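Notes for the structure review
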Amino acid sequence: KRLLPLLTGLVLLLSACGREDLSTLNPQGPVAEKQLDLMKLSIGIMALVVVVVFAICIYVLIRFRRRSGDKSIPKQVEGNHTLEIIWTVIPLVLLLILGVPTIKDVFGLAKDYSKDKNAVQVRVTAHQYWWEFEYTGYGIKTAQELVVPTDKTISFELVGADVKHSFWIPAIGGKMDTNPGVTNRMYLEFPKEGVFRGKCAELCGPSHALMDFKAKAVSPASFDRWVAAMKAPAVMPADAEIAEKFTSQCLTCHAVGENGGNSAPNLTGVGSRQTIGGILYNDTTSVEKNIHDWVTDPQKYKSGAMMPKAVENDLTQEQVSAIAKYLAEYKLDY
Ligand code: CUA
């Protein structure tokens, strides 16, 4: 009876309480499935070891306890070859049972996927505190929201722009470090359509916990439409004064389509994304309000974010509102 609330609490703790699927225990792709199998295997072995060790321990405590009136010194034992061989060989066997499938899966996955010439190449660059996704085969760049087709392997090149981060989509697979100056490779598949939450899994600064992204798996046709929409000429603000302000204050770092800089998240079609800054959800608060709030004071939402506040950026509240309206309406049809 006492165990029940404890177990319930544990299940609640382990289940993804978030709004999207963020659970390694509910795999949505073959890589996460294999990783879950390995987790089950290692937890099984650990549980077995714990049960056996505790059983022996309890047996010894009871069997050899000091009985009342007994003042004698127990038999003194020094070394026992048979026992020593047994407790060396058993862990060795357990490590082999654990190690062989792990190594087989880790290298097997990389090898099988690397043969796939149809894989979509995505170069992931992790920044404090946002994610850049460059589709090298298509010549497009986006940020915060990775869009992938359900019918192809995705071949990731992982790098870090500043410090160490780690790329992880719990329901799909991972995690792997993104290091400055080193390229790591990872292959993932997204067989089911849906939006999967990604996290940074390496402590990287004050907003590490807020360094979220989305992986959106769409049908092959939808992916082709997305690529075409991303490659279409950039939509600029209709109002000339706002367009000028947007170009001089925003596009020095950000980009839309072929216009702009390279040091901040690409904003092409940002109105279609699920979140602003990875953490302000556009289904609960309108995308326009989220962009407005973010542009006004980015550090309020992500401490340590590089983007200056609107006032430091020489933008009036009217200009911020106009830019938020323009960006919110900049949607991609796919
Ligand atoms: Cu990036 Cu933690």
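Keep in mind the model is a prediction, meaning the values are calculated, not measured.

**Regarding the nonpolar core**
Tyr135, Leu146, Phe156, Phe167, Ile169 and Phe190 are the most contacted members of the largest nonpolar core, which has 66 residues in total. Among the elements that take part in this core, helix 8 (residues 317–329) stands out by supplying six residues, more than any other.

**Considering helix 6 (residues 287–296)**
Among the residues of helix 6, those classed as buried are Val287, Asn290, Ile291, Asp293, Trp294 and Val295. Looking at the buried positions of helix 6, the neighbouring elements they touch are strand 13 (275–276), strand 14 (280–281), helix 7 (298–301) and helix 8.

**A closer look at the domain arrangement of the protein chain**
Domain boundaries assigned for the protein chain yield domain 1 (18–57 + 82–230) and domain 2 (240–329). If you look at the interface, domain 1 gives 19 residues, while domain 2 gives 22 residues. Between domain 1 and domain 2, roughly 1700 Å² of surface is buried when both sides are summed, and carbon and sulfur atoms account for 49% of that area. Joining domain 1 to domain 2, the criterion identifies zero salt bridges.

**Examining empty space enclosed by the protein**
Space left empty within the atom packing is revealed by a probe, the size of a water molecule, rolled over the atoms. According to the stated counting rule, one finds one cavity of 30 Å³ or more in the structure shown. Lining of the largest cavity is provided by Thr142, Glu145, Val147, Trp226, Met230, Thr268, Gly269, Ser272, Arg273, Leu332 and Tyr334. Looking at the lining of the largest cavity, the elements that each hand over two or more residues are strand 4 (145–149) and helix 4 (220–231). For the lining of the largest cavity, a count of residues per class yields five nonpolar, four polar and two charged. Split by domain, the residues of the lining of the largest cavity number at least three in each of domain 1 (18–57 + 82–230) and domain 2 (240–329).

Cut-offs and rules
- Residues numbered from 1 in each chain as written.
- Predicted model: local features only at pLDDT ≥ 70, side-chain atom pairs only at ≥ 80, totals over all residues.
- Heavy atoms only, no water.
- Core = buried A, V, L, I, M, F, W, Y, C linked by side-chain atoms within 4.5 Å.
- Buried < 20%, exposed > 50% of the residue type's maximum accessible area, 1.4 Å probe, protein only.
- Helix = DSSP H or I, 4+ residues; strand = E, 2+ residues; numbered from the N terminus.
- Contact = heavy atoms within 4.5 Å.
- Domains from an automatic or database assignment.
- Buried area = accessible area lost by both parts, 1.4 Å probe.
- Salt bridge = Lys/Arg side-chain N within 4 Å of Asp/Glu carboxyl O.
- 1 Å grid on protein atoms, 1.4 Å probe; cavity = no way out; pocket = protein on both sides within 12 Å on 5 of 7 lines; lining within 4 Å.
- Points joined across faces, edges and corners; volume = space filled by probe spheres on them.
- Nonpolar A, V, L, I, M, F, W, Y, C, P; charged D, E, K, R; others polar.

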